[in-house]
Amino acid sequence: MDTRTTDFHFFLKSVSLKFTSVAVFNSEFKCLHIQTPFSNNSVGMMIGPKTLKNFFPWDGSQVVVHNDPLLGCSQSDRLQFIFSAESFHFCIEETFATRWDFSKKMIKIPPIPVVENNRTNTQLIDALTSQGDCPSSVRDFVITTLQKIEKFQFDFKNILKGHTNFTNKDLHKDYLNTVSNSSLKTIKSKTYVSSQIEYEFGAQSLLKLKTSTSELGVRIDFQGTTNHATIQMADSVTDSICFGFFADYFQFSDLMNEATFSHFQIAKPTQSFVNSKVFTNRIYSDHCGVDLINQALLDCWSEKTNLKPYLLLKPYFQLISGSETLDFNLGNARPIGSAGLTYNFEPLLASRPTPGASTMPSLFDFYRAGMDVKSSRYQFRSPKAKETNDFQAVLDLESLRPAQMAFMNPCIPSKIKTGKLKSVLVKPTFMVNDKTEESLFGVKDLSAGDQVQASSGALDFA
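Quick caveat: nothing in here was measured; it's all calculated off a predicted structure.

Colleague: Now, about the overall build of the chain: what can you tell me, with residues and values included?
Modeller: For the chain, the helix and strand inventory stands at 10 helices and 23 strands. Contacts spanning at least 24 positions in sequence make up 68% of the contacts within the chain whose residues lie at least 6 apart. When the accessible surface of the chain is totalled, it reaches about 20,600 Å², and 50% of it is carbon and sulfur.

Rendered as structure tokens:
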């Protein structure tokens, strides 16, 4: 990049730090920058504004909110907010707290301008959030987010006063061309490869995946993938996972926008579970479905590269005790691609550096939620596993008072067709009083003194 485009890139990154997940657009709704810590929402934040601008007389004085998965909202516990600041447009996706109730339908919010003429419509927000399936915290969450957006708009206006050149359309065009050429050059610098994998599930359900690179970019083909009884993924979620995976592998995650996404061709059969239009198991698909696609990409790609096939399939838990709610998952592996170079330390499983550790609660968090942590450890299941650094995380808990524990076990394929060396997949387990829960998801009632053990998956090598 030259000085102009480098400065503009730093500007986009700086203003994006105000939100957890954000996509920045210019006045022509060209996506200039995407910043998100999640693998499932990058493309969704890009398509939402591009679609919705055609349905509203967009003059920059409104904020539109929605959670429609077909319009890009990635998860049932997130809302998209679309708004403008000066000549730029923004799409943010924020997460609200909610309890996992697998028998209850999630709240549906169609695209609605909750702010018009720069005035918040509190009556409309009250009507939206008073629905029976709406968590009680959502009203305050929406109001707080709108206040955050209002402050951002004020600050952004002052920032632009000293950087008026950043509104220049020619600069935007140069920037998009520069990052497009840079990312394609990176892809082309690697040896062109083609690889495929097939997961077989019960009830004749298949996930077929073929990935390849060429001088045109990256092609991901899901042709042959069928429906799945439990998992349903929106089109934009699958695209986001693929985009994020290869942006990470080719190390241009910092340059995700519509220019870099233009190098991706992603084919998905209509009505397959990677391109669903109907969603009956949103909560489960939001977590375990995303992991499944990431695992398939990693298994497929590691046939032709030096990537180690780390397990992304992990169990998820939500502990509910009185007014306390605690979410956590048990992973046993580094993140994919270049992100494996970064390390954090888990508060409990502190015997080794482990990435993504910020989601692991502390001992005090568990105690406050009514659980005593008896032990937390990594164990190697065999000498071979120790040599290859493949381990299993195990967490032993004792319930101190009545509580509920919602769980989601990963959807493990019954057969995997691939050209790699074979290993034995050890499924994650969740046991209450030495009884293993076999279902994919559910809620367990716990009494004081109940013993709980949760373990991650692992790879055993022959």
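Colleague: How would you summarise a nonpolar patch on the surface if you had to cite specific residues and measurements?
Modeller: On the surface, a nonpolar cluster with roughly 340 Å² of combined accessible area is contributed by F364, Y367 and L400. Residue placement: F364 occurs in helix α9 (residues 363–368).

Colleague: Go over helix α5 (residues 169–189), please, and point to the residues and values.
Modeller: Given a rise of 1.5 Å per residue, 21 residues ought to cover 30 Å, and the 30 Å separating the end C-alpha atoms of α5 matches this to within 8%. When we look at burial in α5, the residues that qualify are L171, H172, Y175, L176, V179, S180, S183, L184 and I187. The opening residue of α5, the one whose side-chain oxygen lies 2.7 Å from the backbone nitrogen of D170, is N168.

Colleague: If you had to explain helix α6 (residues 235–249) to someone new, which residues and values would you point to?
Modeller: End to end, α6 covers 22 Å across 15 residues, agreeing with the expected 21 Å (1.5 Å per residue, within 8%). Counting buried positions along α6 yields 13 of 15 residues, so the element is predominantly enclosed. Following α6 by one or two positions, Q251 has its phi on the positive side, about 60 degrees.

Colleague: Residue-level account of the packing of aromatic side chains, with values.
Modeller: For the structure on display, the rule yields 35 aromatic pairs. On the numbers, 6.4 Å between centres and 50 degrees between planes, the contact of F25 with F29 is tilted. Given the relative accessible area of 8%, F29 is considered buried. An angle of 40 degrees between the planes, with centres 5.0 Å apart, marks the rings of F407 and F430 as tilted. A residue pair is termed long-range when its members are at least 10 positions apart, and F407 in strand β16 (residues 403–408) and F430 in strand β19 (residues 429–432) qualify at 23 residues. With respect to class, F407 is no different from F430; both count as buried. The structure contains a cluster of three or more aromatic residues connected by ring pairs, namely F8, F11, F19, F83, F88, F90, F152, F156, F166 and Y175. In this arrangement the basic side chain of K53 is found over the ring face of F29, its NZ or CZ atom lying 5.7 Å from the centre. The ring of Y249 has K190 sitting right over it, with the charged end atom 5.6 Å from the ring centre.

Colleague: For unusual backbone geometry, give the residues involved together with the corresponding values.
Modeller: In the Ramachandran plot, Q251 falls in the positive-phi region, its phi being about 60 degrees despite a non-glycine side chain. Relative to the helices and strands, Q251 is located in the loop between α6 and α7 (258–261).

Colleague: Residues and numbers for the sheet that holds strand β20 (residues 435–436), please.
Modeller: Taking strand neighbours across the sheet as the criterion, the 5 strands line up as β14-β15-β22-β19-β20 in an open arrangement whose pairing is antiparallel. With partners counted over all chains shown, the strands left at the sheet margins are β14 (371–379) and β20, one partner each. Inspection of the sheet shows β19 paired to β20 by 2 bridges, in the antiparallel sense. Looking across to β20, one finds that M431 is bridged to T436.

Colleague: How would you explain the packing of α6 against helix α8 (residues 282–301) if you had to name every residue and give the values?
Modeller: Running from N to C, α6 and α8 point in directions that differ by 40 degrees, and their axes come no closer than 10 Å. In terms of orientation, α6 lies oblique with respect to α8. For the pair α6 and α8, the crossing hand works out as right-handed. For the pair α6 and α8, contact is made by V237, I241, C242, F245, F246 and Y249 and by V290, I293, N294, L297, L298 and W301, respectively. When the residues that make up the contact of α6 with α8 are grouped by side-chain class, the tally is 11 nonpolar, 1 polar and no charged.

Colleague: Residue-level account of the packing of helix α2 (residues 42–52) against α6, with values.
Modeller: Running from N to C, α2 and α6 cross one another at 130 degrees; their axes reach a closest spacing of 6 Å. Comparing the axis directions of α2 and α6 gives the class oblique. Only S236, D239, S240 and F243 of α6 make contact with α2, whose side of the interface consists of S42, V43, G44 and I47. Class assignment for the residues of the contact of α2 with α6 results in 3 nonpolar, 4 polar and 1 charged.

Basis of the calculations
Residues numbered from 1 in each chain as written. Predicted model: local features only at pLDDT ≥ 70, side-chain atom pairs only at ≥ 80, totals over all residues. Heavy atoms only, no water. Helix = DSSP H or I, 4+ residues; strand = E, 2+ residues; numbered from the N terminus. Contact = heavy atoms within 4.5 Å. Areas by Shrake-Rupley, 256 points an atom, 1.4 Å probe, with all protein chains shown as cover. Patch = residues over 30% accessible without salt bridge, like charges linked within 9 Å, V, L, I, M, F, W, Y side chains within 5 Å. Salt bridge = Lys/Arg side-chain N within 4 Å of Asp/Glu carboxyl O. Expected span 1.5 Å × (residues − 1). Buried < 20%, exposed > 50% of the residue type's maximum accessible area, 1.4 Å probe, protein only. Polar contact = N/O pair within 3.5 Å; in protein donor to acceptor, adjacent residues only side chain to side chain. Phe/Tyr/Trp six-rings, centres within 6.5 Å; stacked < 30°, edge-to-face > 60°. Lys NZ or Arg CZ within 6 Å of the ring centre and 35° of its normal. Pairing = 2+ DSSP bridges. Axes fitted to C-alpha atoms, helices over the stretch in contact; angles between N-to-C directions. Parallel < 35°, antiparallel > 145°, perpendicular 65-115°, else oblique. Left-handed = near helix turned anticlockwise from the far one by under 90°. Nonpolar A, V, L, I, M, F, W, Y, C, P; charged D, E, K, R; others polar.

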